[in-house]
Structures are given as C-alpha cells and as structure tokens.
Amino acid sequence: MTLTPIKTPLLAKKLFPNYVWDISTSKKVIYLTFDDGPTPEITNWTLNVLKQYNAKATFFCIGNNIIKHSEIFQNILNHGHAIGNHTHNHIKGWKTSAEDYLKNIAEAQEQISLKSPKTINLFRPPYGQITPKQGKKLIEFGYKIIMWDVLSFDWDKDVEKEVCLENVLTKTTEGSIIVFHDSVKASKNMQYALPKVLTYFSEKGYCFKALNEAF
Ligand SMILES: [Zn+2]
C-alpha cells in the first residue's frame, strides 16, 4: 500500500503553484517523461519505441549516468527529445542542504550543457523531494521545476505490469505529464506499458511532445 497518489490531486498542485504539474491545454497532447537514465539497453529500446510512434519525450537524466553512458545520451539528443536535470547522483532534497543540492544539480547541468545547446533548464527532483528553499533558488536560477500529473509506478516491484498500464490509461488527460523510468528497476513494467500507452492514445488522436515545446 502506498500513500503516493497515481494522479496528483488538485490541492497539491495548488499548494505548490510554482512547480509544473501539467501543461494547461485543450489540445490532445501528452508529455511523457523518463527518469534516471541514460541506461544501457533500456534507453535505446525506449528511443526506438518512441520513434515508431513519432513521439517526443523528455528524459530527466542523472549527471553521473550521462558521464558513464555518453553515447546513449547523445542518442537521446539525436532523436530530438528534450533533456532535463535529475541531479548528478540522484540525491534526496529533504536530506541535503540547499547549498549541496544546488551544487549537485549544477554538476549535472554541466554535463547536459556540454552536449546539448542551452535552451531551457528543466529540473525534476529525485523522489519528488525538494524543499521550498531549494525550489526557490532553482527558480531564481532560471530552472523550471517539473513535477507530474500521473505516476505510472513502473519502478514499484509490487505493482503488476497490467496495473502500471492501467494507471496511465485511466488517469491521463490533455496536457498530462507522465512519469516513467528508463531504468533497469522499472524496465519490466515500463517496457510492457509504454507501447500500449502509445498505441492507445495515438488511436485517440493524441500526440506526444517534449516539454521544451510547452514553454
Ligand atoms: Zn529518479
């Protein structure tokens, strides 16, 4: 049993209005996001599946993984997806001082900037953990803090793959930001759900865009 809701309640969105929870639109657009990569095997598989549906997405990369798997990172860019910052070492905001947190994010941003021409700085806090002070500073530095509208729970080993799929199919609406992971841990559920999500919403006339197109 988890206390984290699949769909972010309106109240939470209203309590933290400076963070981006969804994109306000009446158009049939969905914003898929993938956290924790680049990951050997999984990320390239994801890129190929997205390509089959002409779908664009946003990859919230861990800086250290960019260093370890720079070719895969380059593949993400070559496919035309957006890149977001997910800290350098996947650290927890609530357990880290604002100074150290910002330093770790800057370290990751350095890796991103090396290969990706600077457009817009997107940041997603690992575990959704970020303190008001950290958030305020990042916004001052020009970051957009991207939270989510729908969690697939792909990473949760107690969640069946069919449930992961159902989470996304039933909770997604126009402008939803959906969280998946291109990680080994989430691969069983994500690799089951992603093609089905893409098929289902494509048939309903939706398209999939990267978040840099939303601002
Ligand atoms: Zn993460």
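Please read these numbers as outputs of a predicted model, since none were measured by experiment.

J.: Please clarify how the packing of helix α5 (residues 98-115) against helix α6 (residues 132-140) should be interpreted in this entry.
T.: Axes are the key here: two packed helices are described by the angle between their axes and the distance separating the axes. Running from amino to carboxyl end, α5 crosses α6 at an angle of 45°, the nearest separation of the two axes being 9 Å. Of the possible angle classes, the one that applies to α5 and α6 is oblique. Taken as a pair, α5 and α6 cross one another with a handedness that is right-handed. The residues of α6 that touch α5, namely those facing A98, Y101 and L102, are K133, Q134 and K137. For the contact of α5 with α6, the class distribution of residues is 3 nonpolar, 1 polar and 2 charged.

J.: Sorry if this is basic, but what is going on with the packing of helix α7 (residues 161-171) against helix α8 (residues 187-203) here?
T.: Orientation of α7 relative to α8, taken along the N-to-C sense of each, is 35°, at an axis distance of 8 Å. For the element pair α7 and α8, the recorded crossing hand is right-handed. The segment α7 lies against α8, with K161, C164, L165, V168 and L169 engaging K188, N189, Y192, A193, K196, V197 and Y200. Among the residues making up the contact of α7 with α8, the classes are represented as 8 nonpolar, 1 polar and 3 charged.

J.: Please clarify how α8 should be interpreted in this entry.
T.: Along an α-helix, residues three or four positions apart point the same way, because every turn accommodates 3.6 residues. Under the 1.5 Å per step criterion, the end-to-end length of α8 is 24 Å for 17 residues, consistent within 8% with the ideal 24 Å. If you check which residues of α8 are buried, you get N189, M190, A193, L194, V197, L198 and F201. Residues of α8 that are buried make contact with β1 (29-35), α2 (42-52), α7 and β7 (177-181). Phi for G205, located one or two positions after α8, is positive at around 90°.

J.: Mind showing me how you'd approach α2 here?
T.: When we look at burial in α2, the residues that qualify are I42, T43, T46, L47 and L50. Viewed along the axis of α2, the buried residues span an arc of 135°, placing them on a single side of the element. For α2, exposure combined with an orientation more than 90 degrees from the buried face picks out N48, K51 and Q52. Buried-residue contacts for α2 involve β1, β2 (57-61), α4 (70-78) and α8. Just beyond α2, the residue with positive phi is N54, at close to 55°.

Thresholds, definitions, all that
- Residues numbered from 1 in each chain as written.
- Predicted model: local features only at pLDDT ≥ 70, side-chain atom pairs only at ≥ 80, totals over all residues.
- Axes fitted to C-alpha atoms, helices over the stretch in contact; angles between N-to-C directions.
- Helix = DSSP H or I, 4+ residues; strand = E, 2+ residues; numbered from the N terminus.
- Parallel < 35°, antiparallel > 145°, perpendicular 65-115°, else oblique.
- Left-handed = near helix turned anticlockwise from the far one by under 90°.
- Contact = placed C-beta atoms within 7 Å.
- Nonpolar A, V, L, I, M, F, W, Y, C, P; charged D, E, K, R; others polar.
- Expected span 1.5 Å × (residues − 1).
- Buried ≥ 20, exposed ≤ 12 C-beta atoms within 10 Å, placed from the backbone.
- Arc of directions from axis to C-beta.

Read these as spatial facts, not as claims about activity.
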